[in-house]
2 protein chains.
Amino acid sequence: MFARRIDRLTSSLVRDLLALTQHPDMISFAGGLPADAALFRPDLQPLSAADVWQYGPSEGEPGLRELVARRAGAFGLACTPEQVLILNGSQQGIDLVAKLLVDEGVPVLVEAPAYLAALQAFRLFGARTLPVPVDATGGVDFAALQDGLQRARLAYLTPTFQNPSGYCYSETERERVAAGIDDAATVLFEDDPYRDLCYDGTAPAPIAGRLRRAHWVYQGSFSKTLAPGLRLGYLIAHPALMAPLVRLKQAADLHSNRLSQHLVSQVLRDGTLERHVAGVLPLYRERRDAMHAALTRHLAGRAHWRCPVGGLFFWITLPAGTDTMALMHRALAQNVAVMPGDAFFDEAGATPCLRLNFSHADPTRIELGVARLAALLP
Amino acid sequence: MFARRIDRLTSSLVRDLLALTQHPDMISFAGGLPADAALFRPDLQPLSAADVWQYGPSEGEPGLRELVARRAGAFGLACTPEQVLILNGSQQGIDLVAKLLVDEGVPVLVEAPAYLAALQAFRLFGARTLPVPVDATGGVDFAALQDGLQRARLAYLTPTFQNPSGYCYSETERERVAAGIDDAATVLFEDDPYRDLCYDGTAPAPIAGRLRRAHWVYQGSFSKTLAPGLRLGYLIAHPALMAPLVRLKQAADLHSNRLSQHLVSQVLRDGTLERHVAGVLPLYRERRDAMHAALTRHLAGRAHWRCPVGGLFFWITLPAGTDTMALMHRALAQNVAVMPGDAFFDEAGATPCLRLNFSHADPTRIELGVARLAALLP
């Protein structure tokens, strides 16, 4: 009775765990939640007078599109405001791009591991995923990438502090990927929610800005830098893709929330975003360092990881044969929530891994949680 | 290069006209915009202290789901809070239900005329629409309905002050439709955004609440009663449909905007919604009456219409042979925006009609706009 796609509809383990992990006793490394102290609480006064209550344009508020375009130019993606489409959170961009390009059986290149909810959305539309190994030790597997690009209609990449692996593509890798995509004429979909959360140095410019011929969609989010509850993100696209993307946005929900658009416009216009991020970085850096220290203290020699330069996650490789789902359940019984790595792969049989978020718990709880977790490992 | 569905992706004439009709000189009968004076401007103070900035549940805020369920019970649709899913506007419900049930070629029963953006969304997913004539004079065409129900997987109906026709199904018609849907085991999708805008008496209870066996989705909106910029609506579904709908919501945009959810919760909890609607009704009744009087003054004998009991629209039947698209362009040149009826039918060759919105312009401008329009008609 349901549409065929419903057979492919999976739930997100992250979302399923969310209710559970919000219990105050739970030390949660499972989600990708900002620290409560890092959540931006905007001044709501100007909103009362703002013209935000009537229907608005599907593309988004003109002022916000201009501010987003200007900021993108500053981090290396030159574009016009007409190339910007405001989203109700960047998850919506995945839905729109899947609608634009994915029919049943269409090959989509994805990283392995990849962002869970993107795999979920591409699968829903019937994509056949072509995984390209990307990991902190070996970097991008270019043989798999070149092979995949020959066949894929769409390449979904998160090159900057990837979720879950934390990996950041180097300058050289970005240039090589851009050249490969230009040659293959695959559409690049670059998902970039963590760019601003860089703890050592500055993130390299996006791959989308390095393309010469291929079509592309780039997207960013204000969930990680300001507040997820705002549900505000944006995409920037090659001009040839804008008209159908705007129509898909119309059909999906007419237009994005105007309260959030107004609040974020204000924050971008007066420089508050940069000041807020500058205040968040030391907090997250401290937590990252606390987790790295705790892991070293409790798990050195029994697991492998790299200390991430940015983003919100450690990616921990465990000894072969570790049952990570069983480990998750045993950790939950000890009030520690972790994400099994399997959820981030589209194929079974991956190396056992865990994704640990370091932004949500404070350093004391990070130490306590890692100690409890380590006690469960051989 | 695009997905097949993009060939079926049409733009919404309403949305395309929106930018044009926002010019201050334009008298717009084209959209479905609330009057600016009717837009609810909430007290934003409690929002500052609210816990709305972190990620929230995909289903929506528990308190809001409960308030929506209670209100639905009061207007004749008994349900539990677990059956409520909060949406970023009710257009999103159409996207989710289409994903749930519509594969390419799946037959979907729709009214003729029907809500434009629903036709757009069903078409996008490849629905084959089965139109059932519904009009203010003859009511529901039950022969076409019974025939359609035998074949359709989904029946999309807006029985209460339909957009565009303004028609409201009688008690008897609602009972007959419910019995037909129960017999055919078609899924009912009842879209009900105008229920509260009833100018004479009270709207009859929804069809969904009269079903005994069939599965159903009912949806409502706060765009017409509070403010469209909030982008907040909800669906209520048969328990068997909730799990996949919540997963589809996850994949579409994780969850709805929490600022808007918090503001609407507050307004429902303290009775502000009912007070606000009570204040809006006289304003809209006056405008409806003004448009009816202007139409009678300028078009009696040259066009047909019924004065609608609720909703936001007059549906005007013009003499056979009138080119409504040409009329729209000539009216635009006179600074009057109207919607040609053709857009609301999935088949060509319909009787020439216009949809005229009466909520947005004040009575003086309604008189002026109708007079200008009448001067363009033979």
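Remember, it's a predicted structure, so these values are computed and weren't measured experimentally.

**Digging into helix α6 (residues 142-151) of chain B**
Side chains of residues three or four places apart in an α-helix project in the same direction, reflecting 3.6 residues per turn. Residue and element names in this part refer to chain B. If you check which residues of α6 are buried, you get Phe142, Leu145, Gly148 and Leu149. Down the axis of α6, the smallest arc covering the buried residues is 120°, so these residues share one side. Summarising the geometry of α6, the exposed residues directed more than 90 degrees from the buried face are Ala143 and Gln150. Along its buried surface, α6 packs onto β3 (107-112), β4 (128-135), β5 (139-140), β6 (154-157) and α7 (171-184).

**So, the sheet that holds β4(B)**
Residues and elements named next belong to chain B. Strand order across the open sheet formed by eight strands is β2-β9-β8-β7-β6-β3-β4-β5, with mixed pairing between neighbours. Looking along the sheet, the strands with just one partner apiece sit at the ends: β2 (84-87) and β5. Alignment of β3 against β6, held across three bridges, turns out to be parallel. From the neighbouring strand, Leu109 faces β6, where its bridge partner is Ala155. Sitting on the sheet, α6 touches β3, β4, β5 and β6, and the angle it makes with β4 is about 160°.

**Let's talk about the packing of aromatic side chains**
Residues and elements named next belong to chain B. Applying the stated criterion across every chain yields a total of 20 aromatic pairs over all chains. On the basis of an interplanar angle of 85° and a centroid distance of 6.0 Å, the ring pair of Trp315 and Phe344 is categorised as edge-to-face. One end of the pair, Trp315, is in strand β10 (residues 313-317); the other, Phe344, is in the loop between β12 (339-340) and β13 (353-357), with 29 residues separating them in the sequence. By relative accessible area, Trp315 is classed as buried at 10%.

**Notes on the domain arrangement of chain A**
Residue and element names in this part refer to chain A. Each assigned domain of chain A is listed with its residue range as follows: domain 1 (4-39 + 274-375) and domain 2 (52-272). With 37 residues of domain 1 at the interface, the matching set in domain 2 holds 36 residues. Together, the buried faces of domain 1 and domain 2 total about 3,400 Å²; carbon and sulfur atoms form 56% of this surface. The largest contributions to the domain 1 side of the interface with domain 2 come from Arg8, Phe344 and Asp346, which together make up 19% of the buried area. Two residues, Asp346 and Arg123, come together in a salt bridge whose shortest N-O distance is 2.6 Å. At the junction of domain 1 with domain 2, the criterion picks out 22 residue pairs in polar contact (both at pLDDT 80 or more). Counting residues per element, the ones that place at least two in the side of domain 1 that touches domain 2 are α1 (13-21), α10 (272-299) and β10 (313-317).

Rules used in this analysis
Residues numbered from 1 in each chain as written. Chains lettered and ligands numbered in written order. Predicted model: local features only at pLDDT ≥ 70, side-chain atom pairs only at ≥ 80, totals over all residues. Heavy atoms only, no water. Buried < 20%, exposed > 50% of the residue type's maximum accessible area, 1.4 Å probe, protein only. Helix = DSSP H or I, 4+ residues; strand = E, 2+ residues; numbered from the N terminus. Arc of directions from axis to C-beta. Contact = heavy atoms within 4.5 Å. Pairing = 2+ DSSP bridges. Axes fitted to C-alpha atoms, helices over the stretch in contact; angles between N-to-C directions. Phe/Tyr/Trp six-rings, centres within 6.5 Å; stacked < 30°, edge-to-face > 60°. Domains from an automatic or database assignment. Buried area = accessible area lost by both parts, 1.4 Å probe. Salt bridge = Lys/Arg side-chain N within 4 Å of Asp/Glu carboxyl O. Polar contact = N/O pair within 3.5 Å; in protein donor to acceptor, adjacent residues only side chain to side chain.

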